[in-house]
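Each chain is listed here by its residues.
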Amino acid sequence: MSLSSHIQELRRKHQHLSAQVDAAQRHAGTDSLALASLKKQKLRIKEEIERLQTA
């Protein structure tokens with residue numbers, strides 16, 4: 001897998017997680033720990049994308 005395709009895949013995962021976070025925030029009964037976990041995953045992917053782009 002090339003670097004650019006890896007970054008594209010990470011962006012797709014980030015976008016998917018973003019949609020999950022948005023959906024979870026719209027539901028009043030969402031587990032705050034599950035929401036925090038999704039946000040942490042999203043942040044890790046964002047940091048990985050930034051790291052790869054500057055490498």
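Note that the coordinates shown come from a computational prediction; the quantities given were computed from them, not determined experimentally. Per-chain numbering applies: the sequence of each chain, read as written, is numbered from 1 onward. The predicted origin of the model limits local features to residues at a pLDDT of at least 70 and limits the giving and counting of side-chain atom pairs to 80 or more, whereas totals for whole chains, interfaces and linings rest on all residues. Here the side-chain values reflect all heavy atoms present in the structure, with hydrogen atoms and water set aside.

**Some details on the nonpolar core**
Side-chain atoms within 4.5 Å are what join buried Ala, Val, Leu, Ile, Met, Phe, Trp, Tyr and Cys residues into a set we call a nonpolar core. We call a residue buried when its accessible area falls under 20% of the maximum for its residue type, exposed when it is over 50%, and partly exposed in between, using a 1.4 Å probe and counting protein chains only. If you look at the biggest cluster of nonpolar residues, it comprises 10 residues: Ile7, Leu10, Leu17, Val21, Ala24, Leu35, Leu38, Ile45, Ile49 and Leu52. Runs of H or I in DSSP of at least four residues are treated as helices and runs of E of at least two as strands, each being numbered from the N terminus. Among the secondary structure elements, those contributing two or more residues to this core are helix 1 (3–26) and helix 2 (32–54). Residues in contact with leucine 10, not counting those within four places in the same chain, are Ile45, Glu48, Ile49 and Leu52. Note on contacts: a residue pair qualifies if any of its non-hydrogen atoms lie within 4.5 Å across the two residues.

**Things to note about the pattern of salt bridges**
For this analysis, a salt bridge means a side-chain nitrogen from Lys or Arg found within 4 Å of a carboxyl oxygen belonging to Asp or Glu. In total, this model carries 2 salt bridges according to the counting rule given. Residue arginine 12 is joined to glutamate 9 by a salt bridge in which the shortest nitrogen-to-oxygen separation is 2.9 Å. Of this pair, arginine 12 and glutamate 9 both sit in helix 1, separated by 3 residues, roughly a single helical turn. By relative accessible area, which is 30% here, glutamate 9 ends up partly exposed. The residue arginine 51 makes a salt bridge to glutamate 48 at a minimum N-O spacing of 2.8 Å. A residue pair is termed a helical-turn pair when its members lie 3 or 4 positions apart in one helix, as arginine 51 and glutamate 48 do in helix 2 at 3 residues.

**Points about helix 2**
What a helix is expected to span follows from its residue count: subtract one and scale by 1.5 Å. Given a rise of 1.5 Å per residue, 23 residues ought to cover 33 Å, and the 33 Å separating the end C-alpha atoms of helix 2 matches this to within 8%. Burial in helix 2 covers these residues: Leu35, Leu38, Ile45, Ile49 and Leu52. At its buried positions, helix 2 is contacted by helix 1. Measuring from the backbone nitrogen of leucine 33 back to the side-chain oxygen at the start of helix 2 gives 3.3 Å, which picks out aspartate 31 as the cap. As used in this structure description, the phrase polar contact means that two N or O atoms lie within 3.5 Å; if the pair is within protein, one of them must be able to donate a hydrogen and the other to accept it, and residues adjacent in sequence are counted only when both atoms belong to side chains.

**Here we look at helix 1**
Over its 24 residues, helix 1 extends 35 Å from the first C-alpha to the last, a length consistent with the 34 Å expected when each residue adds 1.5 Å. When helix 1 is considered as a whole, its buried residues turn out to be Ile7, Leu10, Leu17, Val21 and Ala24.

**Considering the packing of helix 1 against helix 2**
Helix-helix packing: each pair is described by the crossing angle between the helix axes and the interaxial distance. Every angle, taken between N-to-C directions, lies between 0 and 180 degrees, and every axis is a line fitted to C-alpha atoms, over only the stretch in contact when it is a helix. For the pair helix 1 and helix 2, the least separation of the axes is 9 Å and the interaxial angle reads 155°. On the basis of their axis angle, the class for helix 1 and helix 2 is roughly antiparallel. With respect to the hand of their crossing, helix 1 and helix 2 are arranged in left-handed fashion. Amino acid classes used here: Ala, Val, Leu, Ile, Met, Phe, Trp, Tyr, Cys and Pro are nonpolar; Asp, Glu, Lys and Arg are charged; the rest, including Gly, are polar. A class-by-class count of the residues in the contact of helix 1 with helix 2 yields 11 nonpolar, 7 polar and 6 charged. Angle categories: roughly parallel below 35 degrees, roughly antiparallel above 145, roughly perpendicular from 65 to 115, and oblique for all the rest. When the near helix sits turned anticlockwise from the far one by under a right angle, the crossing is termed left-handed; a clockwise turn instead gives a right-handed crossing.

These values are about where atoms sit, not about what they do.
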